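Take a look at the letters that make up each chain.
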Amino acid sequence: RNSYGYRELLVYKKAEALQLALADFVKTFPRQKTLADLADQMERSARSTKQNIIEGWKRNSTNEYYQFLGYAVASNAELEADCTDICIGIYESKGLKGIESNGTKRAEQMGEKGVGSNGSNGMKGVGSKGEKWVKREEMGELEKIPFYPLDTHLPPCLQLKLRAKELNYLLDKLQNSLLEKMKTEKTLAVADRIRSNQQKESLFIKNHEAYLKEKGWD
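The rules behind the values
Starting from 1, residues in each chain are numbered consecutively following that chain's sequence as written. Local features are withheld for residues below a pLDDT of 70 in this predicted model, meaning they are given only at 70 or higher, and side-chain atom pairs are given and counted only at 80 or more; totals for whole chains, interfaces and linings count all residues. Values reported for side chains reflect all heavy atoms of the structure, with hydrogen atoms and water molecules removed beforehand. By disulfide we mean two sulfur atoms from cysteines, separated by a distance within 2.5 Å. Exposed residues in this analysis have more than 50% of their type's maximum accessible area, buried residues have under 20%, and partly exposed residues fall in between, with area computed by a 1.4 Å probe over protein chains only. When a carboxyl oxygen of Asp or Glu lies within 4 Å of a side-chain nitrogen of Lys or Arg, that pair is called a salt bridge. Secondary structure is summarised from DSSP: a helix means a run of H or I of at least four residues, a strand means a run of E of at least two, and numbering begins at the N terminus for each. Among the buried residues, those of types Ala, Val, Leu, Ile, Met, Phe, Trp, Tyr and Cys that are joined through side-chain atoms within 4.5 Å form a nonpolar core. Angles run from 0 to 180 degrees between N-to-C directions of axes, and those axes are lines fitted to C-alpha atoms, restricted for helices to the stretch in contact. Oblique is the label for any angle not covered by the other classes, which are roughly parallel (under 35 degrees), roughly antiparallel (over 145) and roughly perpendicular (65 to 115). Note: crossing handedness is left-handed where the near helix turns anticlockwise from the far helix by less than a right angle, and right-handed where it turns clockwise. Should any heavy atoms of two residues lie within 4.5 Å, those residues are considered in contact.

Chemist: I would appreciate a short explanation of the state of the cysteines in the present structure.
Modeler: Covalently bonding the sulfur atom of one cysteine to the sulfur atom of another cysteine gives a disulfide. Inspection of the entire model under this criterion finds 0 disulfides. Cys87 provides the cysteine sulfur closest to Cys83, a residue in no disulfide bond, and the two sulfurs are 6.6 Å apart. Assessed through its relative accessible area of 1%, Cys83 is described here as buried. The cysteine Cys87 is free of any disulfide, with Cys157 supplying the nearest cysteine sulfur at 3.4 Å.

Written out as structure tokens, the structure is:
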């Protein structure tokens, strides 16, 4: 197997692109200790995601590869959560603007119509008169924005969140492909076999309940 084959994986390329974009983003943080610590942690998360993809690829077994992708998923999830915190304004008191602030400037970046019922991504609350982008109680709207294709007109922190969501999707697909491989080869660990069966059972129950509800038998 090619020792550097991971470089051809889409998941690796996306992880590398996310790490580079994040490095540029954190350079804009105000000089403040809390934000310096945040920037360091976010860069560590992005690096960990990419490095675990590499290390998993170089491991000797499919099961080890699968485990290291799990570490990558965890690091990427932490990075996405930090991006979300920035987006909703948790660090505004420290001088780091979220997407709630400076609505007029944001609206100008998106054009006079902004983003709403006539916009492309369905996010409420943006217009040319300086309305806020998103309120904390409207987090559901934030999560509805599609990660592909990436809207490069969105604020950098939101773009990074969407990149992380896409990466999570790709990591999940790769993990599932490895699970199927181990099932075929009968090399799946006992704990993973139990977890897989539990997931199947849970999905069956969920689908069965939805069927009953559709028929009015619940």
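That shown, we press on.
Chemist: In this structure, what is going on with the pattern of salt bridges? I would like to understand it.
Modeler: Evaluated as defined, the whole model comprises 11 salt bridges. Ionic pairing is found between Glu166 and Lys14, a salt bridge with its closest N-O pair at 3.3 Å. Of this pair, Glu166 sits in helix α6 (residues 156-185) while Lys14 sits in helix α1 (residues 10-26), and the two are 152 residues apart along the sequence. The partner of Glu64 in a salt bridge is Arg59, with the nearest N and O atoms 3.6 Å apart.

Chemist: How do you make sense of the nonpolar core when you look at a structure like this?
Modeler: Buried together is how nonpolar side chains tend to be arranged in soluble globular proteins. Counting residues in each nonpolar core, the largest one holds 45 residues, and the members touching the most others are Phe29 and Ile86. Elements supplying a minimum of two residues to this core: α1, α2 (33-58), α3 (62-87) and α6. Counting residues per element, this core draws most heavily on α6, at 12 residues.

Chemist: What is the right way to look at the packing of α2 against α3 in this model?
Modeler: Pairs of packed helices are described in terms of their axes, by the angle between the two and the distance that separates them. Axis separation between α2 and α3 bottoms out at 8 Å; the angle between their running directions is 160 degrees. Compared by their axis directions, α2 and α3 come out roughly antiparallel. Between α2 and α3 lies a crossing whose hand is left-handed. Of the residues in α3, those in contact with Leu38, Gln41, Met42, Ser45, Ala46, Ser48, Thr49, Asn52, Ile53, Glu55, Gly56 and Trp57 of α2 are Tyr65, Phe68, Leu69, Tyr71, Ala72, Ser75, Asn76, Glu78, Leu79, Asp82, Cys83 and Ile86.

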